[in-house]
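Read off the chains here:
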Amino acid sequence: MPQMTRDTHSNSGVPWRSLDELAGMADFKQSLKSEFPAGAAWLDEVESGSTTLRRRRFMQLMGASFGVAGLTNCGRQPVEKIVPYVEQPENLLPGDPSYYASAVSFRGHARGILVKSDMGRPTKIEGNPDHPSSLGATDAQGQAAVLDLYDPDRARAVKQGANPSTWSAFENAHRVRRELHKQNGGSGYAVLIEPTTSPTLQRLLAELLVEMPRARIYQHTPYSLRAPEVLADFSKADVIVSMGEDFLADHPESLRFARQFAERRRAGGDVSRLYVIESTWSLTGAMADHRLLVKPSRIAQLARNSSDPHTTAESDFFKMLAAEPKSANKIVRGDGPAIGQAVPPTLTDFPDLASLSDAISAGEIETLVILGGNPAYTAAGPVDFAAALRNVDFTAHLASHENETSALCEWRLPETHFLETWGDIRSFEGRATVQQPLIEPLYLGRSAVQILAPDRQPRDLVRETYQQTGAIGDAFETLWRTMLRDGITPPDYQLPAAAVPYLTSKSPAPPPEPAEIELITIPSPHVSAGEFANNGWMQELPQPFTKLVWDNAALVAPAFAKRHDLENGDVIAIRKSNSPEIEAPVWILPGQADGTITAHLGYGRERAGELGTGVGFDAFPLTGRSGETIIRKTGRKHKLISTQNHSSMEGRELIWRLTAADAAKGDFPNRPPAVPEITLYTDPKAMLNGRHAWAMSIDLSTCIGCNACITACQAENNIPVVGKSEVARGREMHWIRLDRYFIGDDENDPALVHQPVTCQHCEQAPCEVVCPVEATVHTADGINAMVYNRCVGTRYCSNNCPYKVRRFNFFDYRTKSLKSDPRSLQANPDVTVRGRGVMEKCSYCIQRIQRAVIGADRDNRRVRDGEILTACQQACPAQAIIFGDLKTNGSKVSVLRNGVTAYSLLGNLNTRPRTTYLAKIVNPHV
C-alpha cells in the first residue's frame, strides 16, 4: 500500500542514522564505546581461512590507490634513476601543473572538464566553469574517471581468441571482410555502438553507410535514453514536481540542474518548493519538501491522472499541489517540463540489441564489430545476446577491459581512454567539445573512430569534422584553438547535421503493471551499469542512502521486512515468473515504498578485473521482464558492510533544521548549543594572529548528498582505498564522511538530511593537547596541521576528537612492487603519501592554499576572496561548500559564518571550529 506523504512542518524528532539506533537510543549509545562500531571487527574471510589466507585476500582487495607512491615518513622508497631532459619540453615547468579542457561522457552527452597534468601525466579532473553542462562542477564518477586511465587490468594488446595478435593482423582480417561485404552493398555487415553524440563518430557512421548502404548499425545502452526536451531552468521555478525522475543525479544536465536548484534553496532568499513522487530513495527525493511514496506502477497512473487519488496520502499531496499560487512558475519533471528552451536531438537512435539478436538468429549478420560497451553483460533479461553472439562468423569487440563480451568475440581490441586520444562529444543542449589527449596511450589501444577509419589519425578526423563549416586557413585555426582552449564550441557555431539513415522512432516503454511485489532495477549510483566495477574509489565510496560499500543489496521497506520476517543480510531468491532466479542479500531501508524491492545494477561481474570480479550480485537477468515478482528465503546470511554507524558522535544533536517560513520571520527554534562565553582557554581573538584566518562554511540546505566531495578529496590528497574487510573494521580512510540522518517515523517516509563532516580545524583543538610528540599542531592561520614525520601512532588525538574525523594507516596501503603498478602515476605530487602508522585527516587542501599565497606574494597582493578552492568545494555541483579568509573584509565565508542560520557542530564543547554549518532549510506547504 502507498505510504504517508512526508510531514515537514515540524522540527521535532531526534535525527537517527540507522534502524539500530532508532530501536534503542540508550542501548545504542552504550554499544558505541569507541570511535569504531562495536562488533564490526570481523572479516569476511574469518569463517573460511586462516590468518595467512585472510591477509592475502586483504592485499588482493586493496583499493585502487595501492600503487600511489611519493614522500613518506616510514619505510625505504625503491631506488629510482632520474634521466634529465636533453632539452626542456615546451610549456613544462617542474612543479607547475598544466590544465587542458576536455569532456567526460555521461549517458552519451558531454560534461565539460579541466584535466590537471603534472609533468605530462593526468592526475586530477575538475569541472570546466565555461561549460554549460558542468559550470565548474563534477560528480563522483567524473572524478574517478582519471583512476580508470591507470587501471592495471585494462586490455593491453590485441588478441585473436586467447592468443596475442597485432593491430595489423586485425586490420587485414577486417579489411578482407569489408571488401567481401561491399560486393553486395554491405549486406551482412553490422556495427554495434553505444548511443553517442560525437559529431565525428556520427559522420564516420554516415560515411560507412554511403560506402555500404545495406550495412546495419545498432545501438545498445543499459540506461534510459533522454528524448529531446525543453531544458528547464530550476533557478526560475517556484514549484517543482518530480514524478519518478532523479533530475539531480540521473540526467545529462544534472550538474547544471543542481546548481540552479541550489540557487533557490539558500536561506534568506525566495525558497522554491519541491514535490517528489517516487518509490525508492533518490538524491532528488532526499531534497523534497513533500515526498509521496508509491509503487512504480502507481507513479505511471498518477502521471496520467492525478485527479483520482487512492489514499489519504495521495489526496493530501495533490491538494497541497493544487493550492500553489496560479502565478507560480512551475516545472514538472517526468510529465513534460514547462520552463526553458527546446533542445535539438543529438543522440543517435538506431535499432536496439533485441533487433540485432533477432537479425543474428535470422542469419542476416555475418560480421559484427562492437565499439565499446559490454552488451553480453548489460543485455536486458529477455535478450540472450551472449548466445546470439556465438552464431556470428566474424566478431570484434573494442573495449577498455577484456570483459564478458570480449570473452565471446574472436577479436579482442584494446580501447584507449578518453584522456589518451582525440575525440569529440556534444552537450545535452547540442554544443560540441573536443576531447584532447593528455598522455600517449599507456597500452596499444585505439579509439572507435580509428576502427572505422584506420588509415587516418584521430586528430585529423576530428579536425575534418569542424572544417565542414567552411572555415579555412587562419579562420579555422583560430576556431580550432578557441575550441581547445575553452573546451566548447562558440555559442554561434553550427555543425552541419550528419545524414545518418536507419533512424528509428521508438515508442515509450509500457508502464509497469500493478503487482503485490514490484521490482526496481536501476544503475548503481557509483559503479553505474558496471563501467566502474573495477574502480576502487567507486567500490569503497559509501552509497548515498544505505552507506553500503563493496556490495549491492535488495532494498526493502521496514514494513515489508517485518511481513516477510527479513533481517539485514538475509539472502533471498528473487525471480520473475519468466526469469531465472537470482540470490541477493536484504538491506532494510526506511523511505522505501512498501511492496517494492530495489536492486542496483552493475555488480556480479564475472570478468571485471581484480577488484570488481565477483563483487555483489547481478540483477540484469531480471531487467526488462514483465510478470509477478516472487521471493523466498534461502536461510543463508551475507555480511553487508555499511558505514552508517562508523564514527558516531554518540547521538549528540548535530542537525539544525528550519522551515523557510520560520527563517523569514526571524524565528529560529531548536538552535544548537552555542559556544560558551566563559572559557579557560586563550582569548579566541588571540588565535587570529596570522596573516590569514582560513575557514569553511557548509550549507546543509544545498548539499544534495552526491558524494562528489569525497571522491574529489580522495583524488587530490592521495587517500588510499583499504578494501572491504578493513572498512568492516571501521578503518576507511576518507577524509570526508557524508553522514545521513533520518528524521521521523521509520515506517512513514522519514525526512532525510545529508551532512558532510570533515576536520573542523578547531581553534581550541582537543587533539593537539594530547599528542605526546606534537605531530598535530595549530598554524598561525588557523589550520589544524599534521606533521607526518613526527607521528608515532599513539592515536590519542583520534580518541580525543569529538568529531571522529581522523584516520589512521593501520597498514601500508600500497603494492610492494611500486614500479609495476601504473596507478602510482595518478598521485598528486604536491601531497605527501602517508605510510603505515601515521594519523591523517583534512588539511583544507593546504597545498592549494600555499600555491595561492605564494602567487599572491609574488604579485605583491593579498589572496583574493574565492581564489582558493578546496577540492571538495570545487567539485560540489550545488556550491554547498565555501572556503576563504576571515581576515578578508567582506569575504563570503565570513558573511556566512556570521549569518543567522550559522552554527558549529558540538559548539557547547568550546572547541571553536573554523568549519561551521548553515541550517537545513525546508519549505513545506503551509
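The coordinates are above.
Please read all numbers here as calculations on a predicted model, not as lab measurements.

Basis of the calculations
Residues numbered from 1 in each chain as written. Predicted model: local features only at pLDDT ≥ 70, side-chain atom pairs only at ≥ 80, totals over all residues. Heavy atoms only, no water. Pairing = 2+ DSSP bridges. Helix = DSSP H or I, 4+ residues; strand = E, 2+ residues; numbered from the N terminus. Axes fitted to C-alpha atoms, helices over the stretch in contact; angles between N-to-C directions. Phe/Tyr/Trp six-rings, centres within 6.5 Å; stacked < 30°, edge-to-face > 60°. Buried < 20%, exposed > 50% of the residue type's maximum accessible area, 1.4 Å probe, protein only. Lys NZ or Arg CZ within 6 Å of the ring centre and 35° of its normal. Parallel < 35°, antiparallel > 145°, perpendicular 65-115°, else oblique. Contact = heavy atoms within 4.5 Å. Nonpolar A, V, L, I, M, F, W, Y, C, P; charged D, E, K, R; others polar. Core = buried A, V, L, I, M, F, W, Y, C linked by side-chain atoms within 4.5 Å.

Caption draft 1: Structural detail: the sheet that holds strand E11 (residues 290-293). Taken in spatial order, the 4 strands of this open sheet run E11-E10-E9-E12, and their pairing is parallel. A single partner strand is all that each edge strand has here, and the edge strands are E11 and strand E12 (330-333). Geometrically, the sheet is characterised by an average inter-axis angle of 10 degrees between neighbouring strands, direction not taken into account. Judged from the 4 bridges that link them, strand E9 (residues 239-243) and E12 form a sheet pairing that is parallel. Considered in E12, the bridge of isoleucine 240 is made with isoleucine 331.

Caption draft 2: Just the packing of aromatic side chains, in detail. Enumeration according to the criterion identifies 19 aromatic pairs in this entry. Here the aromatic rings of tryptophan 656 and tyrosine 903 are separated by 5.9 Å at their centres, their planes lie at 90 degrees, and the arrangement is edge-to-face. With a gap of 247 residues between them, tryptophan 656 in the loop between strand E26 (641-642) and strand E27 (657-659) and tyrosine 903 in strand E36 (residues 902-903) connect regions that are remote in the sequence. Each member of the pair tryptophan 656 and tyrosine 903 is classed as buried. Cluster of aromatic residues (ring-pair linked, three or more members): Phe234, Phe247, Phe257 and Phe261. Above the ring of phenylalanine 106, the side-chain terminus of arginine 111 is found at 3.9 Å from the ring centroid.

Caption draft 3: Structural context of the sheet that holds strand E37 (residues 915-918). One open sheet accounts for 4 strands, arranged E35-E28-E37-E36; its pairing is mixed. The two strands at the open ends of the sheet, each matched to only one other strand, are strand E35 (881-885) and E36. With 5 bridges connecting them, strand E28 (residues 694-699) and E35 associate as antiparallel partners. Looking across to E35, one finds that serine 697 is bridged to isoleucine 882.

Caption draft 4: Representation of the packing of helix H6 (residues 199-211) against helix H15 (residues 458-467) within the structure. Remark: H6 packs on H15, axes separated minimally by 9 Å, with the N-to-C direction vectors making an angle of 90 degrees. Taken together, the axes of H6 and H15 lie roughly perpendicular to each other. Residues Pro199, Thr200, Arg203 and Leu204 of H6 touch H15, and the partners they reach there are Leu461, Val462, Glu464, Thr465 and Tyr466. Residues of the contact of H6 with H15, tallied by class, amount to 5 nonpolar, 2 polar and 2 charged.

Caption draft 5: A look at helix H9 (residues 296-304). Buried within H9 are the following residues: Pro296, Ser297, Arg298, Ile299, Ala300 and Leu302. Among the structural elements, E9, strand E10 (273-278), E11, helix H10 (312-322), strand E19 (518-523) and strand E24 (596-601) are those in contact with the buried residues of H9.

Caption draft 6: View of the pairing of strand E2 (residues 109-118). Of all the 10 residues making up E2, 9 are buried; the element is thus mostly covered by neighbouring parts of the structure. Relative to E2, strand E1 (residues 98-106) is paired through 9 bridges, and the arrangement is antiparallel. Residue pairing for E2: phenylalanine 106 is matched across the bridge by histidine 109.

Caption draft 7: Geometry of the nonpolar core. Residues Trp537, Met538, Trp694, Tyr844 and Ile849 are the most contacted members of the largest nonpolar core, which totals 97 residues. A per-element tally of this core places helix H4 (residues 140-149) first, with 6 residues. Beyond its immediate sequence surroundings of up to four residues, tyrosine 844 is in contact with Trp694, Ala695, Met696, Gln760, His761, Ile783, Ile849, Thr870, Phe883, Arg914 and Thr915. In terms of nonpolar packing, the next biggest core, distinct from the first, is built from 28 residues, Leu209, Ala215, Ala396 and Val449 among them.

Caption draft 8: Structural detail: the environment of histidine 310. You can see histidine 310 is positioned in the loop between H9 and H10. As for histidine 310 and arginine 298, which are separated by 12 residues in sequence, their C-alpha atoms are 9.7 Å apart. Sequence-distant contacts of histidine 310, that is, excluding residues within four places in its chain, are made with Arg298 and Gln301.

Caption draft 9: Region of the structure containing unusual backbone geometry. Unusually for a residue other than glycine, histidine 761 sits at a positive phi of about 50 degrees. Its location among the elements puts histidine 761 in the loop between strand E30 (751-757) and helix H22 (766-770).

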